[in-house]
Structures are given as structure tokens and as C-alpha cells.
There are 2 protein chains.
Amino acid sequence: MTEPRPFPAQALALPGPYLLFLGDTVEPGYAKTAFGLRDWAPERCLGEFAIDGATVSTGLPSMTPAEARAAGARALVIGVANAGGFIPQAWQAALVQAMEAGLDIVSGMHMRLRDIAAVRDAADRLGRRLVDIRQPPPGIPVGSGRKRSGQRVLTVGTDCALGKKYTALALARAFKARGLDADFRATGQTGILIAGGGMPLDAVVADFAAGAAELLSPDADAAHWDVIEGQGSLFHPAYAGVSLALLHGSQPDVIVVCHQPGRCGMLGHPGYALPSIEDAIEMTLALGRRTNPGIRCGGVSLNTSRLDATDAAALLASESARLGCVVADPIRGGAAFERLVDACLA
Amino acid sequence: MTEPRPFPAQALALPGPYLLFLGDTVEPGYAKTAFGLRDWAPERCLGEFAIDGATVSTGLPSMTPAEARAAGARALVIGVANAGGFIPQAWQAALVQAMEAGLDIVSGMHMRLRDIAAVRDAADRLGRRLVDIRQPPPGIPVGSGRKRSGQRVLTVGTDCALGKKYTALALARAFKARGLDADFRATGQTGILIAGGGMPLDAVVADFAAGAAELLSPDADAAHWDVIEGQGSLFHPAYAGVSLALLHGSQPDVIVVCHQPGRCGMLGHPGYALPSIEDAIEMTLALGRRTNPGIRCGGVSLNTSRLDATDAAALLASESARLGCVVADPIRGGAAFERLVDACLA
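Everything quoted here is computed from the prediction, not taken from an experiment.

Parameters at a glance
- Residues numbered from 1 in each chain as written.
- Chains lettered and ligands numbered in written order.
- Predicted model: local features only at pLDDT ≥ 70, side-chain atom pairs only at ≥ 80, totals over all residues.
- Heavy atoms only, no water.
- Pairing = 2+ DSSP bridges.
- Helix = DSSP H or I, 4+ residues; strand = E, 2+ residues; numbered from the N terminus.
- Contact = heavy atoms within 4.5 Å.
- Axes fitted to C-alpha atoms, helices over the stretch in contact; angles between N-to-C directions.
- Buried area = accessible area lost by both parts, 1.4 Å probe.
- Salt bridge = Lys/Arg side-chain N within 4 Å of Asp/Glu carboxyl O.
- Nonpolar A, V, L, I, M, F, W, Y, C, P; charged D, E, K, R; others polar.
- Buried < 20%, exposed > 50% of the residue type's maximum accessible area, 1.4 Å probe, protein only.
- Right-handed = clockwise from strand over helix to strand, strands pointing away.
- UniProt positions renumbered as here; feature names shortened; annotations may be inferred.
- Least-squares fit on C-alpha atoms with pLDDT ≥ 70 in both.
- Core = buried A, V, L, I, M, F, W, Y, C linked by side-chain atoms within 4.5 Å.
- Domains from an automatic or database assignment.

Thoughts on the sheet that holds strand 7 (residues 182-185) of chain A
All names here are of chain A.
Piece 1. Strand order across the open sheet formed by six strands is 7-8-6-9-12-13, with parallel pairing between neighbours. Each end of this open sheet is capped by a strand with a single partner; those strands are strand 7 and strand 13 (327-328).
Piece 2. Relative to strand 13, strand 12 (residues 296-302) runs parallel, the two being bridged by two bridges. Paired with serine 301 across the two strands is alanine 328, which belongs to strand 13.
Piece 3. Across the sheet, helix 5 (residues 164-177) is in contact with strand 6 (151-157), strand 7, strand 8 (225-228), strand 9 (254-259) and strand 12; its angle to strand 6 comes to roughly 150°.
Piece 4. Helix-sheet contacts for helix 9 (residues 277-288) involve strand 6, strand 9 and strand 12, and the interaxial angle to strand 9 is about 150°.

Things to note about the interface of chain A and chain B
Piece 1. Counting residues at the interface gives 41 residues for chain A and 41 residues for chain B.
Piece 2. Contact between chain A and chain B buries roughly 3,000 Å² in total, counting both sides, with carbon and sulfur atoms accounting for 59%.
Piece 3. Its largest share of buried area at the contact with chain B, chain A owes to Asp207, Tyr272 and Arg290 of chain A, together 22% of the area lost on that side.
Piece 4. Here aspartate 207 of chain A makes a salt bridge to arginine 134 of chain B, at a shortest N to O gap of 3.6 Å.
Piece 5. Broken down by secondary-structure element, the contributors of at least two residues to the side of chain A that touches chain B are helix 7 (209-216), helix 8 (240-250), strand 11 (269-273) and helix 9 of chain A.
Piece 6. Ranked by residues supplied to the side of chain A that touches chain B, first place goes to helix 8 of chain A with six residues.
Piece 7. Tallied by class, residues from the side of chain A that touches chain B come to 27 nonpolar, ten polar and four charged.

Some remarks on the pairing of strand 4 (residues 104-107) of chain B
All names here are of chain B.
Piece 1. Neither face of strand 4 is exposed, since Asp104 and Val106 on one face and Ile105 and Ser107 on the opposite face are all buried.
Piece 2. In the sheet, strand 3 (residues 75-78) pairs with strand 4 via three bridges, with the strands oriented parallel. Bridged to leucine 76 within strand 4 is isoleucine 105.
Piece 3. Taking the sense of rotation as the criterion, the β-α-β connection linking strand 3, helix 3 (residues 92-100) and strand 4 turns out right-handed.
Piece 4. Bridge count between strand 4 and strand 5 (residues 130-132): three bridges; the pairing is parallel. When the bridges of strand 5 are listed, serine 107 appears paired with aspartate 132.

Remarks on the side chain of asparagine 82 of chain B
Piece 1. Locating asparagine 82 of chain B in the fold gives a position in the loop between strand 3 and helix 3.
Piece 2. In this structure, asparagine 82 of chain B is in contact with Tyr30, Trp91 and Met109 of chain B, ignoring residues within four places of it in sequence.

Regarding the UniProt feature "domain: D-glutamate N-acetyltransferase-like C-terminal" (unreviewed entry) in chain A
Piece 1. If you check UniProt for "domain: D-glutamate N-acetyltransferase-like C-terminal" (unreviewed entry), the listed places come out as residues 142-336 of chain A in our numbering.
Piece 2. Annotation note: span residues 142-336 of chain A, helix share 36%, strand share 19%, distance between end C-alpha atoms 39 Å.

Concerning the relation of the copies chain A and chain B
Piece 1. Least-squares fitting of chain A to chain B yields an RMSD of 0.0 Å, with the transformation described by 0.0 Å of translation along the axis and a rotation of 180°. Here the copies are linked by what is in effect a two-fold axis.
Piece 2. A share of 100% of interface residues in chain A that are also interface residues in chain B marks the association as one of identical surfaces.

Concerning the nonpolar core
When a protein is soluble and globular, its nonpolar side chains tend to lie buried together.
Piece 1. Residues Leu287 and Val300 of chain A together with Leu287 and Val300 of chain B are the most contacted members of the largest nonpolar core, which totals 82 residues.
Piece 2. Those residues in contact with valine 300 of chain A that sit more than four places away from it in its chain are Val256, Val257, Ile277, Ile281, Leu323, Cys325, Val326, Val327, Ala328 and Leu340 of chain A.
Piece 3. Within the second largest apolar cluster, 45 residues are counted, among which are Val153, Tyr166, Ile192 and Ala343 of chain B.

Digging into the domain arrangement of chain A
All names here are of chain A.
Piece 1. Partitioning chain A into structural domains gives domain 1 (18-132) and domain 2 (151-345).
Piece 2. When each unit is reduced to the centre of its C-alpha atoms, the spacing between domain 1 and domain 2 is 27 Å.
Piece 3. Counting from both sides, the interface comprises 19 residues of domain 1 and, opposite them, 16 residues of domain 2.
Piece 4. Summed over both sides, the interface between domain 1 and domain 2 buries roughly 1,500 Å², with carbon and sulfur atoms accounting for 62% of that surface.
Piece 5. Of all residues in domain 1, Lys32, Trp40 and His110 give up the largest surface area on contact with domain 2, accounting jointly for 41% of the area buried on that side.
Piece 6. Linking domain 1 to domain 2 there are zero salt bridges.
Piece 7. For the side of domain 1 that touches domain 2, the leading source of residues is helix 1 (residues 32-40), giving seven residues.
Piece 8. Its residues placed into classes, the side of domain 1 that touches domain 2 shows nine nonpolar, six polar and four charged.

So, the sheet that holds strand 1 (residues 18-23) of chain B
Residues and elements named next belong to chain B.
Piece 1. The five strands are arranged 2-1-3-4-5 in an open sheet whose pairing can be described as parallel. Among the strands making up the open sheet, the edge pair consists of strand 2 (45-50) and strand 5. Along the sheet, successive strands turn relative to each other by an average axial angle of 25°, direction set aside.

What follows is the structure, given as C-alpha cells:
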């Protein structure tokens, strides 16, 4: 994976390989940390572990913590990113079981592992590490709005959990495959786990969120590209403020708008319809011009994972014609995705 | 002043009356906490105290901490709200001096008083209280986006520190003067000091900022009005995310756009021009429709404090004609302000 450039408090030394913990999750959108690690850091993922009630699976081998430890695992990674970032009481026994089997615990939740008495006590008793990766570094400044050197692309979305991280990871990989100097910049717990560093943007105190985005993507050579993982959606009733701070602080030259065809209501807020792709483009450009008047839309990324190949190809073509811009699915790749890369770099 | 309805962790018991501390401030915009207390809680303000370099004054009697203590003061209130909310080292001796004179310290800065060794040590040695009012309550949920009962007006701005709090305070007072059931809802340190409670919105972790705004303004009777203090500006390169979270979480029925004529660049970010009032109205309504499709603009509040009465009246009239809506200066009051109240309640 892309190795981020160092910046304060960014380096993480995580104990791997991992057993991915799915809790009792029934909503695939909330297991995105597990899916992200499976897809982008497979060499660090040995298996998955769930408790009663879970219906989500990564497809990796199901293992108990003891089996995973015997296979070489060193940590249980909480693979769920629920709304609010909390660790339900129903998970505590499984976390303790993992520590008793010899695994450390890695979490990207807002709730701190050490703040859960049963987890803290077990870690102390067993000598296990508790690693909370959603901890912003100290000393983040307020945003300055100063224009930075280098080039930046930011993925934005019509909702949460529909492809912003995958699109950024795929673009960063494609930029590097073309010989460009590029970095993937992680802004959420899954991206940080994949990249080994980044900025947990939604865990920053609100006044400093734009400043945190500025810190994540510092001045660089004129030809350098930062590919920045988006967060939330400007249309999300809970998280739009995070999205706007990230947009302003990133001051992207290029945005790629991410969408999942067929998703009707916002994840966890079904009373809220998704914006149209056109509205998402227009609003992002209107707001993004504030810190980068040259902002432009490089194209649209569609998550067509629920379609077969024929339907997906037809949809990408029809949406491209309808919207008048490049539309691709980075996970399917192909010529459409190469055109999206071209359009971002144009 | 308006007494906020109780909600979790909102009640503050502050030691008064106050000596207002101005530090070494030379920018009046940063001394807004001192000015706000002078204007809206004068019965609690005995005097002011500054250190070398300060050029800002509230007009209150200048007192040493010992003189203020002798006059009955019980606390030194940091009257400055600088960018980043930090307490410069140059202020530390004055804070210690105040404690030695018998005063507690009240601060609305991001930096915690107890995190400054010299301040903490003096407080412990002298038995003084250190009160940090910019501490959000624990357990804030993520925003739900659920429509709440009751009616809400939110003040928004073309920039920071130009009248959003004063406008909200004046509207709440006017609503009550008309016999309406209304509450001023404070979202910043100065408003919280004035009201005795509220939500320090910019100190909330970004993911929970909209949820904090929802918590601040709970379900109420259909005829009840919450008058919510705005924060920052949707056009501010550092704080727009806070403003958007507050807009979404407040789900206002009515906005009042606040502006200071003659201000060219954003406070602390002079390279950023202020948006036009029209653009601020349009953008706020476009974004605010997401959580309240019925949002409307009640009018414009101009801070004409730098104009004489004749020029101010002429400007209010010409801007009203130009913009096609009510334009008033709540501090000057008069018929224009009564029309603004009418328009909000219409």
C-alpha cells in the first residue's frame, strides 16, 4: 500500500497479522473496516470472528481467537465502524476472550478501549496492548486557509460507506502505477489501519477539523499528488460538518464524487433521500471554491458491487452519457477507470 | 437574561461578580467575551484588568485583582476569545496574581486551565477554583436528523465576531417582551457565560457536533421559540464545518444573516473576502433545507457600531431596499428591529 509521508503522530506500529472482529453486525455497511482490510491489506488478515447474531461475513476463514493465535495472529482488530463509534456491551466478552487467547486489541472506535473496565482489567491482567487508532495527535492548529503547493484529489460522497475510501485507494495506486509521486491520505479508522497512518478526522474537536485536514496534506512538490479519503457527505444530517471541514482543509484541485446506485435512503437515516449526483457535484464545487477557486470535478465513481458485469458496464456508460463526465467503478477497473484517472490528472 | 431550559450538564454555578481579563489584546474582535459580558450581564461585571501591550478596553473601571477583590469580585473571567482558544504564556503571571488576590479563574478557552502547570499549582496552593466552561457534556449522540417540535431561529454570519450572539440575545429578549415563550440557546463561551448554560459547540468532537446542536435545542411546545446563537460562518476557511453542523442540528425554521458593513477580509484570514449577504442567505438556505425544508430567511442584522446614527439609519434603509428584506441593527433597536422581529415570527 501507499506509504504516507510522515507528519506528527502519524506513524503507527500495529501488531499484525490480524483476526477481524465482526461483533454482532447485521448491516454490511457498518463492517467496512473488516472489508477494507480484507481488500486492501489481505496479507495482514488471517480470518474473521463474530458473535451470536452476526450475519455479515468477509469470506475469510472463521476462526476462534485461539485458532487465530495458533495461526500466527497477534491482534484482534474491531472490523466494525458503527454510528457513534461505540463498543456495545455484547462485545466485551469476545474482546476479553481474544486477550486471553494471546491477542492484542486494535480499535478505531470513538470509545476508548481503556475506558471499558472489563477490557482494561483484562489487558492489565494479561499484559495485552490496547491500541486506539482514532486518537488525533495533540497540537492541531485551526485552519489557516493558506494555499499549499502540490496537487490534491479528494473523494466525496452522496452518503457514508459507499466507496470514498476504495476510490481514493484505487486512484492512489493507479497514479503510482503511472509513475507519479502520489500518497493516499487516510482520514478514517479503516484507511488509517490500511495505510499505517493518517488523521482520524471525525475524532478531531470541531474547531480544529479543517486545520487537521491541512496538516494531513502538507505542502509538496508541484507534481506531487495527495489522494485524500473523503468522509461522510455534505448532505448527511449528522456528518456534513466533518465533510465540509475536510473539503475546506484539503483544498482539492479535483473531486471525484462517489455514489452507490440503488441506495435510496442515507445509511442509518432512512428518512433522508440521497442527493442526486449532479447536486453533489454542484454543492461540492460551490463550497470547495472557497479555499481553492480552481476546484473541478474529475468524474464520478460508482460502487456497482451489487450489479453483474453486464449491467454494471451498461450503467457506467449510460451515467457517463447522462452526466457528461467520466463514470467508472474503480474496483472493476478497466478502460472506464483509466479514463477517470486521465480526467483527474488532466 | 433568558434562562435556558435544563438539559444534561448545562447548569453552571459560576462565582461572580467578575473582573474581566483582557490579556494583551490589541484586536477588539478577539475581546468579544469581555464585551459580551459587559453588555449582556453588566450586573456581574465590576471592572477590567489588562497587561502590558493591551489596547482594547471595555470602558469598565480598570482594576487590579486586589482592588477588584476588595470591591467584591469573586472571579477573574478571561474575556478574550482568540483563534485556537489558547492561553499565552504572557498571561500566566496575571492569572496567578488574580488567584493570589483571592479570585477564582473562569475560562472559555479550548486550553484547559488545569493543563497549565503554573496555573494549576497556584490554584492548588491557594485553594482557588479553575472553571473551564468550554467543556462539552459527556455522552453527546451523533445527530439523528429527526424533526423536532417547536420553532427555531438561528443567527448565521458572513464571518466570525460580527454580531450573531448579540442578534440572538436581542431577538430572544424581544420575543419574551412580546409575551412569547422563548429561550436563548448559547453555543459559544461568551453566550454560555451570559446565559449560565449552553453547548460549547466548537469544542465538541466533529462527528458529534450536529448531535450536540440537536441536544441544545430539544423538542418543545409548538409555540415555543429557541433563539440559537450562530457560530463561525459557512464561508470561513477554518470554522465552516462547525457552522454547517450547527445549521443541520438546529434545523432552524428561520435564519437571520448577520454582517458588519465595511468588513472586507475575514477576521484572522485577511486573504479571504467576505461573502455577499445575498450569497450568505442563498448558501444557508440551500444547506439548511437538508434538515428543514421549510427554512426561510427572516432578515438581515447589520452591526453598524462604527457608523453614526444618521449613516446607520440610511444604510439600514438602503440595504433593505436593495436586498428586498428587513434589515435592522438589533443594538440600535427601533422600528427596523421590530420589523425584523415581526418577520421572524411571521
